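Structure at a glance
As a plain string of letters, each chain reads:
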Amino acid sequence: MPTRTGRRGALLLQFLSRVFVLLLLLLPAIGLFRYFQLEAAAKVQANNDRQSVKNILAVALREPIWSLDYDQINSVVMALSHVESLVSVELTGIELTGLELASTVRRYSRDASGRLTHGLHDTGTREAVLSQLTFEVEREGQAISHATLSFTDEPYAQATRKALVELMLALVVTAVFLGLLLYYLVNAYVGKPIARLRKAVIGLSEGQGFEIAEDLPDNEIRQFAEGYLELYNQLRQHQSHLQTLVEQRTRDLNHSNQKLQEEITQRIAIEEDLVRARIHAEQASQAKSQFLAHISHELRTPLNGIIGYAQLLVAKPDLPEDLREYADSIHRCGDHLLRLINNILDLSKIEANQVERKDEALSLRLLVHDIRAIVSPRAQAKSLSLSFDIAEDVPDWVLLDGEKLRQVLVNLLGNAIKFTPAGAVSLKLERAEQGRVRFSVIDTGRGIPEADQARIFDAFQQSEQVNRSVGEGGTGLGLAISRKLVAQLGGELRLTSRVGEGSCFYFDLRLPETQQRSVPVARGQVRCLSPGQHAKILVVDDVFENRHVLSLQLERVGYATALAESGEDALRQLYGFEPDLVMMDIQMPGMDGIEASRRIHKLKPELPIIAFTASVFDRQLDQGTRAEFHGILFKPVVAEDAYALIAQTLGLSYQYGDEHAPGPVSDSLQGARRDFERLPEAMRTELRAWLADGNIAHIRDYGKKLEGESEFAALGVQLYKLGKGYQLEALGRLLE
């Protein structure tokens, strides 16, 4: 706390400093006020002096003017030369002409010596006349003379300036004195203490101690020093705390940086592993595609012989029934194995983006009719109600890849029939949002548990609970392929299902309508070439069974064939056999089918070539390569497909077996239909099951058995006849 003496000194310093500041502010105001005061006094004095001069002259000039005593007039006027403000005197009417005063002017002005004398003097220093006074000299009440006195304010102005200068000098002296006094007091009470405080602060910044001097005045500066010292001590404590905190945070940050660096290193390692995994996955995918292409070729090549020879055996009319049954079983097993291979290859082709969408004019109602013919037998075999409902506002002819849509719907309906032990299965086509068409396959089966609904669309995944309940299995590829095919068509296959109530698989497609029409021409089984038509075909394949079975199928309908086991052999037989068409295997050792075809075209540009291959992944079949061939068949080669492509290429026609021609059930079959309805329910169900499983040999054998029973002879004849011709659609209509 400051002492009483220190407090008094501080108050005195504050008082003097405030007085000094007040005087500094008042001095200009005082000087200005004094200036105006002196100026006003000078004006009053000037007016008084002028009036005095006027009064003096008015009295002193009366007698001389009356008597026209010019000497006395001169003396009176010159006697006023001491009045510095009087500049000139003008008198009029003091000249006598005859007996009257003339109106003349007598002027008095200052000469070079400053005296007022008669005449007009120009000394070059005459002050400006600022004011004039006039008076008249009267005689007997009549003005006889007029006097004009001219005055200047310069003498009074000089006196005012002089007084002002003296005042300012006095004020300056006073201000200097007060300033020196204030400087002394400020230096004693403020300057020196601040200098000592500054020195102490500088020493503190250089690491020296900070102590308050004993002689430091006990005032606000000492208080400031003590407060600064206290603040300094607090800052040092805070600095020490901050330093400790920074060190701790630095250690934590270093630890975090180390962990982050380790995480970055781990992430980089993970990313490198992911890159390697992706590369390995791509390599594995490529290897898988190559493996599938190879395994496709290796599997389809023997299947080509198995199914081909089985078809030839079944077609032989004189084949014993037991051998026909064996051949039929071989054919069914081969077809089943081919379907499994096709499913795996379809999925692989979709994953490898090797499936192209081919839109064409398609009738939805004709498509549904074909699908009905395919799936109806199996539904009838299980006594299921099968319905197809197409809304009226659904367009008929649209642009769409019909093969993909057919594959999806057949697969979904087949699954629905397979996993529905009793009840109904339906296919509905109706309008959906945004102009799309919704396809829905609905069944009343056991339903799919919610836990299985997400994974059944994955490859090789099935609902084990449903499979156990129906006692049937499968590859688990159908839904995976269907979902990918629907995605290629521009939709998404979805599912709603409740256990015990059934399932609904549905998808929406945008189907642009078209005015085009493309109706396939139905025909029966090829029996032989039309009369008068013939052709020679060179079959080129490195596998004996493949070229042999194909040549037998061609010779059966009337073609002449020659066989070549390599591309080089085919070139040698060109001029000896002179073929009308070449059927060329693409993959052969040595000169492959593509190179052989190019060389044949160089030798015989007009000779048509049809390619066939067992590899559906053959990457050499680009657009340029496809241009080398008039068509491509995939093994196992279906005889009917080969006949159709050859006839289209060479412009030929066939004769078809009437007994094998497809079509609706004729009137001759009505009796067989009535016989079928009289069969026991168990037997009807058994026949439908054989048809659904493709077991045509059992149907044919059962028909042969019924031929010997007069009660069901008509039915037996038709079952044997339709079974022998593999007329599945006609069998389906008969067994409805």
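Residues numbered from 1 in each chain as written. Predicted model: local features only at pLDDT ≥ 70, side-chain atom pairs only at ≥ 80, totals over all residues. Heavy atoms only, no water.

So, about the sheet that holds strand β18 (residues 581-585). Reading across the sheet, the five strands line up as β17-β16-β18-β19-β20 and stay open at both edges, with parallel pairing between neighbours. Pairing within the sheet leaves two strands with one partner each, and these edge strands are β17 (560-564) and β20 (631-634). Taking each pair of neighbouring strands and ignoring which way they run, the sheet shows an average axis angle of 20°. Two strands pair when backbone bridges link them, and strand β16 (residues 536-540) and β17 are joined in this way by five bridges, in the parallel orientation. Counted as the bridge partner of V540 is A564 from β17. Against the sheet, helix α12 (residues 544-556) makes contact with β16, β17, β18 and β19 (609-613), and its axis sits at roughly 170° relative to β17, the strand it touches most. The sheet strands contacting helix α14 (residues 593-603) are β18 and β19, and the helix crosses β18 at an angle near 155°. (Pairing = 2+ DSSP bridges. Helix = DSSP H or I, 4+ residues; strand = E, 2+ residues; numbered from the N terminus. Axes fitted to C-alpha atoms, helices over the stretch in contact; angles between N-to-C directions. Contact = heavy atoms within 4.5 Å.)

Let's shift gears to the nonpolar core. It is characteristic of soluble globular proteins that their nonpolar side chains tend to be buried jointly. Core analysis: the largest hydrophobic core is formed by 40 residues, its most contacted members being L405, F439, F505 and F507. Those elements giving two or more residues to this core turn out to be α7 (364-381), β9 (385-390), β10 (397-400), α8 (402-418), β11 (424-431), β12 (437-443), α11 (478-488) and β14 (502-509). It is α8 that provides the largest number of residues to this core, a total of seven residues. Those residues in contact with F507, other than ones at most four positions away along the chain, are L405, V408, L409, L412, V437, R438, F439, V486, E492 and L493. Of all hydrophobic cores here, the second largest spans 23 residues; its members include I537, L581, L633 and L652. (Core = buried A, V, L, I, M, F, W, Y, C linked by side-chain atoms within 4.5 Å. Buried < 20%, exposed > 50% of the residue type's maximum accessible area, 1.4 Å probe, protein only.)

Packing of α8 against α11 leaves a shortest axis separation of 9 Å and a crossing angle of 145°. Remark: the crossing between α8 and α11 carries left-handed chirality. Along the contact surface, α8 presents K404, Q407, V408, N411, L412 and N415, while α11 presents G478, L479, I481, S482, L485, V486 and Q488. Tallied by class, the residues present in the contact of α8 with α11 amount to six nonpolar, six polar and one charged. (Left-handed = near helix turned anticlockwise from the far one by under 90°. Nonpolar A, V, L, I, M, F, W, Y, C, P; charged D, E, K, R; others polar.)

So, about the packing of aromatic side chains. Within the structure shown, the criterion is met by three aromatic pairs. Where Y559 meets Y654, the ring centres are 6.5 Å apart and the plane angle is 80°; that geometry is what we call edge-to-face. Here Y559 is found in the loop between α12 and β17, whereas its partner Y654 is found in strand β21 (residues 654-656), with 95 residues between them in sequence. With respect to burial, Y559 and Y654 carry one shared label: buried. Taken together through their ring pairs, the aromatic side chains of Y559, Y643 and Y654 make up a single cluster. The ring centre of F577 lies 5.2 Å from the NZ or CZ of K536, which sits over that ring. (Phe/Tyr/Trp six-rings, centres within 6.5 Å; stacked < 30°, edge-to-face > 60°. Lys NZ or Arg CZ within 6 Å of the ring centre and 35° of its normal.)

Let's shift gears to the confidence of the model for the protein chain. Summing up the model confidence of the protein chain, the mean pLDDT is 76 and the portion of residues at 70 or higher is 73%. Contacts for the low-pLDDT stretch residues 468-475, under 50 throughout, to residues beyond four places or in other chains number 16 contacts. Note on residues 658-668: pLDDT under 50 across the span, and 17 contacts to partners over four residues away in sequence or across chains. (pLDDT = per-residue confidence, 0-100.)

Glancing now at the sheet that holds strand β7 (residues 142-151). Strand order across the open sheet formed by five strands is β5-β4-β1-β7-β6, with antiparallel pairing between neighbours. This sheet does not close on itself; its edge strands, each paired only once, are β5 (116-118) and β6 (131-139). Each adjacent strand pair in this sheet contributes to an overall mean axis angle of 20°, direction not counted. The pairing of strand β1 (residues 86-92) with β7 spans six bridges and is antiparallel. From the neighbouring strand, E90 faces β7, where its bridge partner is T148. Set on the sheet, helix α3 (residues 70-78) makes contact with β1, β4 (105-110) and β5; between it and β4 the angle comes to about 35°.

Before going further, it helps to spend a moment on the pattern of salt bridges. Applying the stated criterion across every chain, the model contains 14 salt bridges. Close ionic contact of D273 with R276 constitutes a salt bridge, the shortest N to O distance being 2.0 Å. Of this pair, D273 and R276 both sit in helix α5 (residues 220-315), separated by three residues, roughly a single helical turn. A relative accessible area of 40% means that R276 is categorised as partly exposed. Across the pair E681 and R684 runs a salt bridge whose closest N-O atoms are separated by 2.2 Å. Taken as a pair, E681 and R684 lie in helix α18 (residues 681-693) at a separation of three residues, close to a single helical turn. Take E681: its relative accessible area is 40%, and that puts it in the partly exposed class. Through salt bridges with shared partners, a single ionic network connects R483, E492 and R494. (Salt bridge = Lys/Arg side-chain N within 4 Å of Asp/Glu carboxyl O.)

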